[in-house]
Amino acid sequence: MAADMQTYNMKNMLQFMKLIGQLKRVPRTGWVYRNVKQPESVSDHMYRMSMMALTITDSNINKDRCVKLALVHDMAECIVGDIAPADNISKAEKHRREEEAMKRLTGLLQEGLRKEIYDLWEEYEHQSSAEARLVKELDQVEMILQAHEYEELEQTPGRLQEFFDSTQGRFHHPEVLQLVKSLNEERAGHLAAGSKDPSAVCQSTDTQSNGPSGTS
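Residues numbered from 1 in each chain as written. Predicted model: local features only at pLDDT ≥ 70, side-chain atom pairs only at ≥ 80, totals over all residues. Heavy atoms only, no water.

Q: What am I meant to see in the overall build of the protein here?
A: Scanning the protein from terminus to terminus reveals eleven helices and zero strands. Written out in order from the N terminus, the α and β elements of the protein read α-α-α-α-α-α-α-α-α-α-α. Split into buried and exposed, the 216 residues of the protein put 43% on the buried side. Within the protein, counting contacts between residues at least 6 apart in sequence, those at least 24 apart form 71% of the total. On the protein, roughly 11,800 Å² of surface is accessible, and the fraction owed to carbon and sulfur atoms is 54%. (Helix = DSSP H or I, 4+ residues; strand = E, 2+ residues; numbered from the N terminus. Buried < 20%, exposed > 50% of the residue type's maximum accessible area, 1.4 Å probe, protein only. Contact = heavy atoms within 4.5 Å. Areas by Shrake-Rupley, 256 points an atom, 1.4 Å probe, with all protein chains shown as cover.)

Q: Any chance you could explain the confidence of the model for the protein here in plain terms?
A: Considering every residue of the protein, the mean pLDDT works out to 91; 90% of them sit at 70 or more. The low-confidence segment residues 200-213, where pLDDT is below 50, has 31 contacts with residues more than four positions distant or belonging to other chains. (pLDDT = per-residue confidence, 0-100.)

Q: Explain helix α4 (residues 63-72) here, please?
A: Within an α-helix, residues lying three or four positions from one another point in the same direction, as the helix has 3.6 residues per turn. Taken as a whole, α4 has its buried residues at C66, V67, L69, A70 and V72. Contact partners of the buried residues in α4: α3 (42-54), α6 (91-106), α7 (111-126) and α8 (130-154). With a side-chain oxygen lying 3.2 Å from the backbone nitrogen of D64, the N-terminal cap of α4 falls on N62. (Polar contact = N/O pair within 3.5 Å; in protein donor to acceptor, adjacent residues only side chain to side chain.)

Q: Hey, could you run me through the pattern of salt bridges in this one?
A: Working definition: two side chains of opposite charge can pair if their charged atoms are close together. Under the criterion given, the structure shown has 15 salt bridges. In this structure, R48 and E149 form a salt bridge, with 2.9 Å as the shortest nitrogen-oxygen distance. Highlighted residues: R48 in helix α3 and E149 in helix α8, separated in sequence by 101 residues. Using a relative accessible area of 22% as the deciding quantity, one classes R48 as partly exposed. Exposure remark for E149: the relative accessible area of 25% places this residue in the partly exposed category. A salt bridge links E98 to K94, with the nearest nitrogen and oxygen atoms 3.0 Å apart. (Salt bridge = Lys/Arg side-chain N within 4 Å of Asp/Glu carboxyl O.)

Q: Which parts of the structure should I look at to understand the layout of surface pockets?
A: Regions of empty space are outlined by a rolling probe, equal in size to a water molecule, passed over the atoms. Of the voids in this model, the second largest pocket is the one considered here, and its volume is about 230 Å³. As for the second largest pocket, its lining consists of 14 residues, and the residues nearest its centre are I20, L23, M46, L71 and M75. Among the elements of the structure, α1 (2-21), α3 and α7 are those that each provide at least two residues to the lining of the second largest pocket. For the lining of the second largest pocket, the element with the highest residue contribution is α1, accounting for five residues. (1 Å grid on protein atoms, 1.4 Å probe; cavity = no way out; pocket = protein on both sides within 12 Å on 5 of 7 lines; lining within 4 Å. Points joined across faces, edges and corners; volume = space filled by probe spheres on them.)

Q: Whenever I open this one, α6 confuses me. Can you help?
A: Helix length check: α6 (16 residues) gives 22 Å between terminal C-alpha atoms against 22 Å at 1.5 Å per residue, within 8%. Looking only at α6, the buried set comprises K94, E98, A101, M102, L105 and T106. Axial view of α6: buried residues confined to an arc of 120°, hence all on one face. Set apart from the buried face of α6 by more than 90 degrees, the exposed residues are A92, E100 and R104. On its buried face, α6 sits against α1, α4, α5 (77-80) and α7. (Expected span 1.5 Å × (residues − 1). Arc of directions from axis to C-beta.)

Q: For this particular structure, what's the right way to read the packing of α4 against α7?
A: It is the contact of α4 with α7, at a shortest axis distance of 9 Å, that shows an interaxial angle of 90°. Considering their axes alone, α4 and α7 lie roughly perpendicular with respect to each other. On the side of α4, the interface is formed by R65, K68, L69 and V72, while α7 contributes E116, I117, L120, W121, E123 and Y124. Taken together, the residues of the contact of α4 with α7 break down into six nonpolar, no polar and four charged. (Axes fitted to C-alpha atoms, helices over the stretch in contact; angles between N-to-C directions. Parallel < 35°, antiparallel > 145°, perpendicular 65-115°, else oblique. Nonpolar A, V, L, I, M, F, W, Y, C, P; charged D, E, K, R; others polar.)

Q: Sorry, what's going on with unusual backbone geometry here?
A: Across the chain, the bulk of peptide bonds are trans and the bulk of non-glycine residues have phi less than zero. Unusually for a residue other than glycine, N35 sits at a positive phi of about 60°. Here N35 is to be found in the loop between α2 (29-33) and α3.

Q: Just to check I follow, could you spell out a nonpolar patch on the surface for this structure?
A: Together, Y47, M51 and L54 line one region of the surface with nonpolar side chains, adding up to about 310 Å² of accessible area. Structurally, the position occupied by Y47 is in helix α3. You can call Y47 exposed: its relative accessible area is 55%. (Patch = residues over 30% accessible without salt bridge, like charges linked within 9 Å, V, L, I, M, F, W, Y side chains within 5 Å.)

Q: Explain the nonpolar core to me, please; I cannot follow it from the model alone.
A: Core analysis: the biggest nonpolar cluster contains 47 residues, and W31, M102, V141 and I144 have the highest contact counts within it. Ranked by residues supplied to this core, first place goes to α8 with nine residues. Filtering out sequence-adjacent residues up to four positions away, M102 remains in contact with V72, M75, A76, G107, I117, Y118 and W121. (Core = buried A, V, L, I, M, F, W, Y, C linked by side-chain atoms within 4.5 Å.)

Written out as structure tokens, the structure is:
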């Protein structure tokens, strides 16, 4: 009986891992809507967020918990996809879909692990801890860092300004503020250089006609 239960648990774990693997193939919707070539996947985004959490030095923050929150926060998107603000789906409906997906996902796991992962997701969703609030800031800073990198790769300074505008006033943690400051300083240099290149400015202006979008 114990061997049968172990086999059952491993089969469920295999299905869980296959579902999680879908995150490697779910593109971040905001970049798709902005016609970014080869847009990052959800798992790409979650990985760098996790590394950001790992490098936090604030002794008042549970760093291990931040890493776990970063790994779990977008997990439901392997089933529901990356729902962005531009999709015009209400926050309540987005939450309902993701909650259902998380119950399906964690239902494949043994009880202790099921509760840990689901509770972590709820903690992030409700922003009910200092760690969850910090990870939300990391989510936003990772997004604008990626936007900056796409502008560099495309040589279209300023094209993704809307993503930066959407984060105004959202950063509060001292380490995050310092990282954002460094990012903005670097980007300002690229914007200044781009303004001296008429072709780059023209290309940036042309691509702006694709319309507003956003990321979750």
